[in-house]
Amino acid sequence: MDAYAIRDITLLPGVSRDGKRETFDAIVIRPGDTISIVGPTGSGKTALINDIEVFAQQDTATRRSVLVNGALPPDVLVRDPASKPIALITQHTKCLADLSVQDFLIMHLQARKCTDPARIEETIAQANQFTGEAITGTMRMTALSGGQTRSLMVADAIVISDTPLILLDEIENAGIFKDRVIASLKEHKRAVIFVTHDPYVSLLSDRRIVMQRGAVVKVIESDGSEEAALATVAGINTLLYSLRERIRAGEQITDGVEIK
Ligand SMILES: Nc1ncnc2c1ncn2[C@@H]1O[C@H](COP(=O)(O)OP(=O)(O)OP(=O)(O)O)[C@@H](O)[C@H]1O
């Protein structure tokens, strides 16, 4: 995004599923922000990120609108895929191209009109920070696991697509290190919005948008009061990760398991 620098993306209220106006004034998303969207099944979490992804202008079911740098988004951001400042990655994001990881990334680099070949290795190295299952350039895209695919897509969004905002729809079971993804997105000054049912991701976020009946009903700002809960959940997360690895490796877990 050299030509058009994104300073912020603003979501303006729409209506709930029963037609009531949402009560928030505006939700402003800036580089480095980590936001989670939580709420029961069917409460409108996916609809909310879809509004952001399509730059809604009161033309979706929710009647919300989205501004870029405080104004209507310019046409080029909406229509030119190579200029799109938003990457949406879901559980179902799959790559059907029968190419090696390296060839796929080269193709994407060309599509994005980028000429820096160092970005290929950088993307693979970044993806390997997010997953415990090593990815190499010679692997086939179609042979990657769910966790490897999601890790590569997030790394690609950071390094090659270079998008300022990444939307991640329920990637929790995909076997990626979510805390590392969040740390890396912050380090690269990217904003991320997670649709999530995962307490760890929710508690790690700077802001939590709570949905009910198709509407935003609350925005909780992280103010340190959940630190103790976060520390406990982080311990549970680490424990579960190590157990998962040991069980996958065929071990029997006969020692006592303990949250550190
Ligand atoms: N404000 C709204 N007005 C009208 N329809 C809405 C609104 N918000 C969501 N919907 C519709 O309600 C349905 C459920 O919403 P959505 O899929 O976004 O829920 P969700 O919270 O993502 O659910 P899940 O957790 O099961 O994925 C969808 O058909 C969506 O288009």
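The shown structure was predicted, so the numbers you read here are calculated from the model rather than taken from an experiment.

Before going further, it helps to spend a moment on the overall build of the protein. Helix and strand content of the protein: eight helices and nine strands. Here the contacts in the protein between residues at least 6 apart in sequence split such that 69% fall between residues at least 24 apart.

What follows covers the site of the ligand. Close to the ligand lie 16 residues, the nearest being Gly-44, Lys-45, Thr-46, Ala-47 and Gly-214. The element that contributes the greatest number of residues to the shell around the ligand is helix H1 (residues 45-53), accounting for three residues. Each residue belonging to the shell around the ligand can be placed in one class, and the counts come to five nonpolar, nine polar and two charged.

Our next topic: the pairing of strand E3 (residues 34-38). In terms of burial, E3 is largely enclosed, as four of its five residues are buried. With four bridges connecting them, E3 and strand E7 (residues 191-195) associate as parallel partners. Looking at the pairing, Ser-36 lines up with Phe-194 of E7. In the sheet, E3 pairs with strand E8 (residues 207-212) via four bridges, with the strands oriented parallel. If you follow Ile-35 over to E8, its bridge partner there is Arg-207.

Time to look at the sheet that holds strand E5 (residues 86-90). Taken in spatial order, the six strands line up as E5-E6-E7-E3-E8-E9 in an open sheet, and their pairing is mixed. At either end of the open sheet lies a strand with only one pairing partner, and these are E5 and strand E9 (215-221). Each strand of the sheet is rotated relative to its neighbour by a mean of 20°, with strand direction disregarded. Along the sheet face, helix H6 (residues 178-187) touches E3, strand E6 (165-169) and E7 and points at about 135° away from the line of E3.

This next bit is on helix H4 (residues 118-130). Helix length check: H4 (13 residues) gives 19 Å between terminal C-alpha atoms against 18 Å at 1.5 Å per residue, within 8%. Every buried residue belonging to H4 is among Arg-119, Ile-120, Thr-123, Ile-124, Gln-126, Ala-127 and Phe-130, and all of these are buried. Projection of H4 onto a plane perpendicular to its axis shows the buried side chains occupying an angular sector of 165°, all on one side. When the buried face of H4 is taken as reference, the exposed residues oriented beyond 90 degrees from it are Ala-118 and Ala-125. Against helix H3 (101-111), helix H5 (146-159) and H6 lie the buried residues of H4.

We now examine the pairing of E6. Extensive coverage of E6 is indicated by the burial of five of its five residues. In E6, alternate side chains face the same way, and those of Leu-165, Leu-167 and Asp-169 on one face and Ile-166 and Leu-168 on the other are all buried. Relative to E6, E5 runs parallel, the two being bridged by five bridges. Looking at the pairing, Ile-89 lines up with Leu-168 of E6.

In terms of domains, the protein is made up of domain 1 (9-222) and domain 2 (227-260). Taking the mean C-alpha position of each, domain 1 and domain 2 sit 28 Å from one another. Contact with domain 1, which involves five residues of that partner, is made by six residues of domain 2. Here the residues of the side of domain 1 that touches domain 2 sort into four nonpolar, one polar and no charged.

Orientation of H4 relative to H5, taken along the N-to-C sense of each, is 135°, at an axis distance of 8 Å. Here H4 is positioned oblique relative to H5, judged by the angle of their axes. For H4 against H5, the interelement crossing comes out right-handed. Along the contact surface, H4 presents Arg-119, Glu-122, Thr-123, Gln-126, Ala-127 and Phe-130, while H5 presents Ser-151, Leu-152, Val-154, Ala-155, Asp-156, Ile-158 and Val-159. Per-class residue counts for the contact of H4 with H5 are seven nonpolar, three polar and three charged.

Conventions we followed
Residues numbered from 1 in each chain as written. Predicted model: local features only at pLDDT ≥ 70, side-chain atom pairs only at ≥ 80, totals over all residues. Helix = DSSP H or I, 4+ residues; strand = E, 2+ residues; numbered from the N terminus. Contact = placed C-beta atoms within 7 Å. Near = placed C-beta within 6 Å. Nonpolar A, V, L, I, M, F, W, Y, C, P; charged D, E, K, R; others polar. Buried ≥ 20, exposed ≤ 12 C-beta atoms within 10 Å, placed from the backbone. Pairing = 2+ DSSP bridges. Axes fitted to C-alpha atoms, helices over the stretch in contact; angles between N-to-C directions. Expected span 1.5 Å × (residues − 1). Arc of directions from axis to C-beta. Domains from an automatic or database assignment. Parallel < 35°, antiparallel > 145°, perpendicular 65-115°, else oblique. Left-handed = near helix turned anticlockwise from the far one by under 90°.

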